[in-house]
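Here is what each chain is made of, one letter per residue.
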Amino acid sequence: MSGYIDIFSQINPKLKAEAEFELYRSESVKICKLRGIWSPKEWFNLSMGRDFVPIGTQDKSYYPPSRFRIFTVAPYLYRNVMRSSGWWDTGVFVSGKKQLAKQTTLLYDLCVINGPGDSHQTFNLEDKIETNTTGYMYEHFHTDARQYLDNNDDKPLCVRLALSPIEGLEFGGSHFKAKYDDNEKYGCEYTFYHLLYGSDKLDVACEYGRIGLDVNPAKNPRGDKKIHQSSSYIAASYKILQGKYVHFLAPSIRCELIDPWEEDPTNKGDRKSISIGVNISPVEHCLIRAAYQYTTEKGAELKNDGLSIESVLEF
């Protein structure tokens, strides 16, 4: 069970403050956002504090009540390549949108942040990126790269650009490069591309993401100095029975791939999966999601298939 409280304080028409808290798995309360926002123009919004890092579409597609959160279980792209619980960081953020033509809009996000790495850890992060018992590279880089306190002087620039040629359609990409270890010897680089489409009935989310990590060659049998991980997915849902018997009923499907170690010639850990589900809203503000995921690894069925169910109340 998770709950969110988002608090806005409108100081004046152009200046406001925001604080967002999450009850995380009924275990702890964490701060998601804590920032001041200055918005003098639609094409220029400046915020300082803690916020989502604009890599991929985690701020648009992962957290409820987003229309692009089509499935309860996050795709491999966010569950494995990125942080499964979202990635926030502290820094300076600039964003906005600019009308280029009658229906064409440019959307941009820029930020300077602390970057991956955490000074409160008692181990070296670069030593955690190694092969495991199944032979492929450690997948959850951000599990140990949580940014509570910065561990070095590197302050990376993150950029996301997107174009909206018609209402409801957006496509673009994001990129950033940073040092993640205490001595600024090891780096990481992210490149993501996305396409989102939402209409009265059809919602589609499609993404590809790739991360490159400098690693200690002594920690993997191939002696690689850099490894790459990548994943892609396409998810879609279509609303039917809107206003008939229920608020809406939306069958859904998602197909995805992940390569946790591109340099490995044996393709250990390469996986693909297909999820079939349904989103049911019996009444407005209430939503129930259910889905079954089937996963294969190098042609063999994995034993982590199963049913996921989620109920959401939105106010």
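Residues numbered from 1 in each chain as written. Predicted model: local features only at pLDDT ≥ 70, side-chain atom pairs only at ≥ 80, totals over all residues. Heavy atoms only, no water.

Draft legend 1. Structural view of the overall build of the chain. Helices and strands together make up the secondary structure of the chain, namely two helices and 16 strands. For the chain, whose C-alpha radius of gyration is 20 Å, the value lies close to the compact-globule estimate of 20 Å for 315 residues. When the backbone C-alpha atoms are referred to their principal axes, the chain occupies close to 60 × 50 × 45 Å. Looking at the chain as a whole, 47% of its 315 residues qualify as buried. In the chain, once contacts between residues fewer than 6 apart in sequence are set aside, the share between residues at least 24 apart is 55%. (Helix = DSSP H or I, 4+ residues; strand = E, 2+ residues; numbered from the N terminus. Rg over C-alpha atoms; globule rule 2.2 N^0.38 Å. Buried < 20%, exposed > 50% of the residue type's maximum accessible area, 1.4 Å probe, protein only. Contact = heavy atoms within 4.5 Å.)

Draft legend 2. Structural view of the nonpolar core. Counting 39 residues, the largest nonpolar core has Ile55, Phe141, Tyr190 and Leu213 as the members making the most contacts within it. Once you skip the residues sitting within four places of it in the chain, Phe141 turns out to touch Pro116, Leu125, Ile129, Tyr180, Cys188, Tyr190, Ile211 and Leu213. (Core = buried A, V, L, I, M, F, W, Y, C linked by side-chain atoms within 4.5 Å.)

Draft legend 3. Highlighting the environment of Gly117. Topologically, Gly117 is positioned in the loop between β6 (105–113) and β7 (157–164). On the basis of relative accessibility, which here comes to 0%, the residue Gly117 falls in the buried class. Once the C-alpha coordinates of Gly117 and Trp88 are considered, the two residues, 29 residues apart in sequence, prove to be 12 Å apart. Among residues more than four places away in sequence, those in contact with Gly117 are Leu125, Ala145, Arg146, Gln147, Leu149, Asn151 and Tyr180.

Draft legend 4. Spatial organisation of the pattern of salt bridges. A complete count under the given rule lists 17 salt bridges for this structure. We note a salt bridge from Arg160 to Asp59, for which the minimum N-O separation is 2.9 Å. Remark: Asp59 occurs in helix α1 (residues 58–62) and Arg160 occurs in strand β7; sequence separation between them is 101 residues. Given a relative accessible area of 33%, Asp59 falls into the partly exposed group. The salt bridge partner of Glu130 is Lys219, with a shortest N-O separation of 3.9 Å. Here Lys219 lies in the loop between β10 (202–214) and β11 (226–238) and Glu130 lies in the loop between β6 and β7, a separation of 89 residues in the sequence. With relative accessibility at 27%, the residue Lys219 sits in the partly exposed group. When salt bridges that share partners are traced, they join Glu18, Arg35 and Asp51 into one network. (Salt bridge = Lys/Arg side-chain N within 4 Å of Asp/Glu carboxyl O.)

So yeah, pure geometry; function would need other evidence.
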